[in-house]
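Examining the three-dimensional arrangement
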Amino acid sequence: MKKIKFIVLAVSLISAVFFASCKSTPEPEPAPSPAPVEKESEPESAPVEIIKDYTEENKVSFEKIDSARQSAIDAGAEKVNPLGWAAAEAELKAEQAAFQTTPAADLSIALDDLEARYNALASQAKAVSLKARIDELDFSSYAQSNYNNGCAALDELSLPTANIAKGKDLFAKASMAEESFVSVLKSGFRVLAKAERSDSVLSKKNADSVKAAVSKATDYSSAVEKIKAADQNYATGNPEEAYNLYKEASGIFQAIYEDISTKRAAALAAIEAAKAKVANSEAAAKEADQKAPLGDQKVQGIEDADAKLLEDDSFAEYKSEDVGDLSE
């Protein structure tokens, strides 16, 4: 009996071990999928570089340079700054040669600088002329600070080393000098214009006092229009022209006044002279009558009031046939 139980137990253990071994056996791994085949990339083509043609732009730049150069010549730049002028001329020749060799190349940087240099030379020359006029008119005190700034800028531009600077920097400094001196002149002429306007208004009042608007209508109207134009110029920032117009108007009014006054004085003098002559004649006649009164006696050479001066004429000497029939 025990032997049978032992056999059964052994069979059970063997079965349990068998089933356990079946459950723990790992499932086979799936076969790996094949790796994708990489396609060979085609070589990229190099970008095509597009070269711009600057020929037309260069031509326009040279035209601007010619205009700036002519302005510098007109202003007298060659005499004012001979070193700067020589440097610009040398650069111009170099750039012209470069354009002849490679007209399509980008020359903008060099050409823009050259244009600025010629503009600087022109402004510098103008500034020198303006300063000379200010000194001649003794206007510096009307805007002393601006005058000093302009002088300092001119001194810097006159240095031999000034041409080393870039064209745009030279132009900026020369323009500042020119504008400073323009400001001084405007300040001076504003003062003069105000004073001259007062004189022209006074001259107009003098002309009005002699009725010039009637007797000298054309000249009077011309002077009035000049004052109006002067006021407009003063208001729009041109005091020098305003000053000139006020002065012209004042001169016209004064001339009208003096002309009418002179003629009026001459007429009054003539009237007074005539009155004096009549008075003198009356006084002389009265004095003569007192010394030798005429009375009623006959004076030789003077006929009586009822004297017959001509003899009667009968026309007897004429025959009727000489005159024809008068009844027709």
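From a predicted model like this one, the values you see are computed outputs, not experimental measurements. (Residues numbered from 1 in each chain as written. Predicted model: local features only at pLDDT ≥ 70, side-chain atom pairs only at ≥ 80, totals over all residues. Heavy atoms only, no water.)

Things to note about the overall build of the chain
Where we set the bar: Only DSSP runs of H or I with at least four residues qualify as helices, and only runs of E with at least two residues qualify as strands; both kinds are numbered from the N terminus onward. Relative accessibility decides the category of a residue: with a 1.4 Å probe and only protein chains considered, values under 20% of the type maximum give buried, values over 50% give exposed, and everything between is partly exposed. Residue exposure ignores everything except the shown protein chains as possible cover, and the areas themselves are Shrake-Rupley values with a 1.4 Å probe.
When helices and strands are counted, the chain shows eleven helices and zero strands. Its helices and strands in sequence order give the chain the pattern α-α-α-α-α-α-α-α-α-α-α, from N to C terminus. Looking at the chain residue by residue over its 328 residues, the buried ones come to 23%. With the model as given, the accessible surface of the chain reaches about 24,000 Å², and the carbon-plus-sulfur share is 57%.

Quick notes on the confidence of the model for the chain
Operational definition: Confidence of the predictor in every single residue is expressed as pLDDT, which spans 0 to 100. In this description, contact between two residues means that some pair of their heavy atoms is separated by no more than 4.5 Å.
Residues with a pLDDT of 70 or more make up 72% of the chain, whose mean pLDDT is 83. Every residue in residues 1-25 is under pLDDT 50, and counting partners more than four places away or in other chains gives zero contacts. Of the regions scoring below 50 in pLDDT, residues 320-328 engages in zero contacts with residues more than four places distant in sequence or in other chains.

Quick look at the packing of aromatic side chains
What counts here: Working definition: a ring pair exists when centres of Phe, Tyr or Trp rings (six-membered ring for Trp) sit within 6.5 Å. Plane angles under 30 degrees give stacked, over 60 give edge-to-face, the rest tilted.
For the coordinates displayed, the defined rule picks out seven aromatic pairs. The interplanar angle of 70° and the centroid separation of 5.7 Å between the aromatic rings of Trp 85 and Tyr 118 together place this pair among those described as edge-to-face. Residue Trp 85 is located in helix H4 (residues 82-101), and its partner Tyr 118 is located in helix H5 (residues 108-137); the two are separated by 33 residues in the primary sequence. Trp 85 gets classed as buried once you look at its relative accessible area, which sits at 8%. Between Phe 189 and Tyr 243, the ring centres sit 5.9 Å apart and the planes meet at 50°, which makes this aromatic pair tilted. Taken together, the positions of Phe 189 in helix H7 (residues 167-209) and Tyr 243 in helix H10 (residues 239-291) put the pair 54 residues apart, joining distant regions of the chain. Accessibility classification places Phe 189 together with Tyr 243 in one group, the buried group. Here a set of aromatic residues connected by ring pairs shows up, and it is made of Phe 139, Tyr 142, Phe 189 and Tyr 243.

Description of H7
Inclusion rule: Residue count minus one, scaled by 1.5 Å, sets the expected span of a helix.
For H7, built from 43 residues, the straight-helix expectation of 63 Å at 1.5 Å per residue is met to within 8% by its first-to-last C-alpha distance of 62 Å. Lys 211 sits one or two positions beyond H7 and adopts a positive phi of about 60°.

Some thoughts on the packing of H7 against helix H9 (residues 217-235)
Using the following cut-off: Under this scheme, a helix contributes an axis fitted over its contacting stretch, all axes are lines through C-alpha atoms, and angles between N-to-C directions fall in the 0 to 180 degree range. Our angle categories are set so that under 35 degrees counts as roughly parallel, over 145 as roughly antiparallel, 65 to 115 as roughly perpendicular, and the remainder as oblique. What makes a crossing left-handed is the near helix being turned counterclockwise from the far one by less than a right angle; a clockwise turn instead makes it right-handed. Under the scheme applied, nonpolar residues are Ala, Val, Leu, Ile, Met, Phe, Trp, Tyr, Cys and Pro; charged residues are Asp, Glu, Lys and Arg; polar residues are all the others, including Gly.
Axis separation between H7 and H9 bottoms out at 11 Å; the angle between their running directions is 155°. In this view, H7 runs roughly antiparallel relative to H9, as classed from their interaxial angle. The hand of the H7/H9 crossing is left-handed. Within the contact between the two elements, H7 uses Arg 190, Ala 193, Lys 194, Arg 197, Ser 200, Lys 204, Ala 207 and Asp 208 and H9 uses Tyr 220, Val 224, Ile 227, Asp 231 and Tyr 234. Of the residues belonging to the contact of H7 with H9, the class tally is six nonpolar, one polar and six charged.

Remarks on the pattern of salt bridges
So the rule is basically this: When a carboxyl oxygen of Asp or Glu is within 4 Å of a side-chain nitrogen of Lys or Arg, the pair counts as a salt bridge.
Taken as a whole and assessed by the stated rule, the structure comprises 13 salt bridges. Across the salt bridge formed by Glu 89 and Arg 69, the nearest N and O atoms sit 2.8 Å from each other. Of this pair, Glu 89 sits in helix H4 while Arg 69 sits in helix H2 (residues 55-75), placing them 20 residues apart in sequence. Judged by its relative accessible area of 19%, Glu 89 is buried. Arg 69 sits in the partly exposed class, given a relative accessible area of 24%. Taking the shortest distance from any N to any O, the salt bridge between Lys 173 and Glu 156 comes out at 2.9 Å. Residue Lys 173 is found in helix H7, and its partner Glu 156 is found in helix H6 (residues 144-157); the two are separated by 17 residues along the sequence. Exposure remark for Lys 173: the relative accessible area of 30% places this residue in the partly exposed category. The class of Glu 156 is partly exposed, set by a relative accessible area of 39%. A cluster of three or more residues bridged by salt bridges with shared partners is formed by Lys 216, Asp 259 and Lys 263.

Thoughts on the environment of Asp 53
As a reminder of what qualifies: Each polar contact in these results corresponds to two N or O atoms within 3.5 Å; when the atoms are within protein, one needs to be able to donate a hydrogen and the other to accept it, and residues that are neighboring in sequence are counted only if both atoms are side-chain atoms.
Following the sequence through the fold, Asp 53 ends up in the loop between helix H1 (2-24) and H2. A relative accessible area of 47% means that Asp 53 is categorised as partly exposed. Between the C-alpha atom of Asp 53 and that of Ala 105, which follows or precedes it by 52 residues, the distance is 6.8 Å. Among the polar contacts made by the side chain of Asp 53, one reaches the side chain of Thr 55 at a distance of 2.5 Å.

Re the nonpolar core
Grouped burial of nonpolar side chains is what soluble globular proteins tend to show. Note the threshold: Definition of nonpolar core: a set of buried residues of the types Ala, Val, Leu, Ile, Met, Phe, Trp, Tyr and Cys, connected through side-chain atoms within 4.5 Å.
Core analysis: the biggest nonpolar cluster contains 30 residues, and Ile 134, Phe 181 and Ala 212 have the highest contact counts within it. The set of elements that each furnish at least two residues to this core consists of H5, H6, H7, H9 and H10. If you tally residues by element for this core, the top one is H10, at eight residues. The contacts of Ala 212, once residues within four sequence positions are left out, are Ala 207, Ala 217, Tyr 220, Ile 256 and Ile 260.

With respect to unusual backbone geometry
Residues other than glycine seldom take positive phi values, yet Asp 138 does so here, at roughly 60°. With respect to the element layout, Asp 138 can be found in the loop between H5 and H6. The exposure class of Asp 138 is exposed, given its relative accessible area of 57%. Located in the positive-phi region is Lys 211, a residue other than glycine, with phi close to 60°. Residue placement: Lys 211 occurs in the loop between H7 and helix H8 (212-215).

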